[in-house]
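# Descriptive structure summary
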Amino acid sequence: MNKKTKWILWGVFLIFLIVYPLVFGIYYTNVFVTFTIAALFSVSVNMLLGFTGFLSFGHAMFFGAGAYGTAIALAHIKGLPLLISVFIGFMSAVLLALILAPLVVRLSVTAFAMIHMAFGMLMYTLALKLRNITGGEDGIGGFPIPSFGVPGIFSIDMTDPTNFYYFAMAIIGFTLWILWFITKTPFGCLMVGIRDNAKRIDYLGFKLPQTKGVVYLIAGGCCGIAGSIFALFQNLISAYELHIMHSFTPIMMIMVGGVGSYFGPILGAGIFTMLGELTTRYTERVELVIGLILIAVIMYFPLGCIGFYHYLKTKYLKRKAA
Amino acid sequence: MNILETKEVSHDFRGLWALRNVNLQIEKGERHAIIGPNGAGKTTLFNVITGTYVPSRGKVFFKGKDVTKAKPHDMVRLGMGRSFQITSTFPRLTAFENIRMAVLSKRGIRFNLFQKVDKMKSITEETDAILKRINLDGERDLPASALSYGKNRSLEISMALSTDPEIVMLDEPTAGMSRDETHTAVELVRRLTEGKTTVIIEHDMDVVFSLADRITVLHHGEILAVGAPKEIGENQAVKDAYLGEMEV
């Protein structure tokens, strides 16, 4: 694919994104926003899992930190601008990552996964118990959603789903682009190197814990952005977003979409959203369907859909060569 | 001048003294081989020098600096390269990406999140030049796991050398290689380490005697003899402990 066709395809995609809410209506616009939030969440987790080789069972806490950060800030500060509220969500997730990083970057892969489960449950319990801050089981809801704009010049109402859709697309698209760019930089090479052979990275003169720490902050912060958009989108955030099940969701999406590839988790998020939409029409047992599909994927294409695509491609090329 | 020195280094693995009062001296510019039977402590000595372990007793000096407690990345930044007994490359990365990692390290590019690596022309050029020098340009885009054993091994050796170290520590570079591959690898080592201080652990006596300027013989964690290949070949203690076992 040359550069020109690539740009044309991106252009077509952009036009698709712009006309999407006009064509599909409010319901499917909201479904699409849910999908992109899930996509950003799983891409962030995949920065750790697929690129750096660290599995985390507790990334919902960063999602929750972002969501609670934004929600609490909006509930308490009057007239807080929209972008600042997202930034506060991002920063609360980064702060949480900064606190945990010195400990977790020195752990082995298994310990890393387990300690995240523990911290994740701790955050969940804290959100339930610290009722006067987090609202406990009821969560925080009904906080004002600020308009987007410059005071006195223009202002766009963000309670309108179509407007919010454009806003969410812009923020999530931008964050996804940054994450994609990072995987292409020399630092991205380092991440993949740690996944493949951490000892070698050390013996090439790179500092392991520091490098892992930076990846950790990036992944945590971007989960926070996903959480922040989620809070604005739902106008409600409850302790469930911190629950361990919510940490598993991105991992399942990554597994189904394709671990180790950048676009795999996005594909996985898309598949999960579509499955959720389709199955709820017939049954309430969405988890059952998703679980069965996950088992099938792990048994037959352990590298997910993207892995399966590459498998078919090499097979096709081989047949062509023969 | 000694570029690398260990002073009375001992290392204790929970009661097993793998090294006992080892005084190793490596002169600048020489090719120094460390030989000895299995379990003599050769790799432990390497691990102590390159920063994997802190020795239980004794000190390590590199370029006159006390590096006893230095970590592997510190040693690499001071100018040391190392290869491992069990091949240690990045299996899922291509040969090109493997070498590029070393080139990035050499240039001190560690936290660059703002530039696409594919667009950094000088890095690509340097990496390609290295691949050409080690005859891997044909396998440029193959993952390291798809390379033959010998080629993967050369890839590792040249990775250790691509950070442009002053001293190279090679842990059995020809381990597990066929006769032909050994020959190629020895030529590669000879060519790439030209003018660099090299410390090499080796089992193949032909390789040792053809490559090394000086030899240190380790036995039960102690230094049995040090000297030029000829002296070592004639040393009775060495013959009894080691060479004698491999009567031709």
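In case you missed it, the structure is sitting above this.
None of these values were measured; they are calculated from a predicted model.

## Thoughts on the overall build of chain A
- Counting secondary structure elements, chain A contains twelve helices and four strands.
- The C-alpha atoms of chain A give 20 Å as radius of gyration, which agrees with the globular expectation for 322 residues (20 Å, within 12%).
- Across its three principal directions, the C-alpha atoms of chain A cover 65 × 50 × 45 Å.
- Relative to its full complement of 322 residues, chain A shows a buried share of 47%.
- A separation of at least 24 residues holds for 76% of the contacts in chain A among residues at least 6 apart in sequence.

## Brief notes about the sheet that holds strand E4 (residues 31–35) of chain B
Residue and element names in this part refer to chain B.
- Across the sheet, which stays open at both edges, the six strands sit in the order E7-E8-E9-E4-E10-E11 with mixed pairing between neighbours. Bordering the open sheet on either side are strand E7 (80–83) and strand E11 (222–227), each of which pairs with just one other strand. Neighbour-to-neighbour, the strand axes of the sheet open up by a mean angle of 15°, direction not taken into account.
- Alignment of E4 against strand E10 (residues 214–219), held across four bridges, turns out to be parallel. Its bridge partner being in E10, Ile-35 is matched across the sheet by Val-217.
- Along the sheet, helix H5 (residues 149–162) makes contact with E7 and strand E8 (167–171), crossing E7 at roughly 170°.

## Description of the pairing of E10(B)
Residue and element names in this part refer to chain B.
- Across five bridges, E10 lies against E11 in antiparallel orientation. The residue bridging Leu-218 from the neighbouring strand is Ile-223, located in E11.
- Counting the residues in the hairpin turn of E10 and E11 gives two residues, including His-220, whose phi is positive at 50°.

## Observations regarding the nonpolar core
- Counting 158 residues, the largest nonpolar core has A:Leu40, A:Ala226 and A:Ile229 as the members making the most contacts within it.
- When near neighbours in sequence (up to four residues on either side) are disregarded, A:Leu40 contacts A:Ile172, A:Thr175, A:Leu176, A:Cys222, A:Ile225 and A:Ala226.

## A word on H5(B)
All names here are of chain B.
- The end-to-end C-alpha distance of H5 is 20 Å, a good match for the 20 Å that 14 residues give at a rise of 1.5 Å each.
- Those residues of H5 that fall on the buried side of the exposure criterion are Lys-151, Asn-152, Arg-153, Ser-154, Leu-155, Glu-156, Ile-157, Ser-158, Met-159, Ala-160, Leu-161 and Ser-162.
- The inward-facing, buried residues of H5 contact E7, helix H3 (95–106), helix H4 (121–133), E8 and helix H6 (179–192).
- Positive phi appears at Asp-164, one or two residues downstream of H5, with a value of about 60°.

Parameters at a glance
Residues numbered from 1 in each chain as written. Chains lettered and ligands numbered in written order. Predicted model: local features only at pLDDT ≥ 70, side-chain atom pairs only at ≥ 80, totals over all residues. Helix = DSSP H or I, 4+ residues; strand = E, 2+ residues; numbered from the N terminus. Rg over C-alpha atoms; globule rule 2.2 N^0.38 Å. Buried ≥ 20, exposed ≤ 12 C-beta atoms within 10 Å, placed from the backbone. Contact = placed C-beta atoms within 7 Å. Pairing = 2+ DSSP bridges. Axes fitted to C-alpha atoms, helices over the stretch in contact; angles between N-to-C directions. Core = buried A, V, L, I, M, F, W, Y, C linked by C-beta atoms within 7 Å. Expected span 1.5 Å × (residues − 1).

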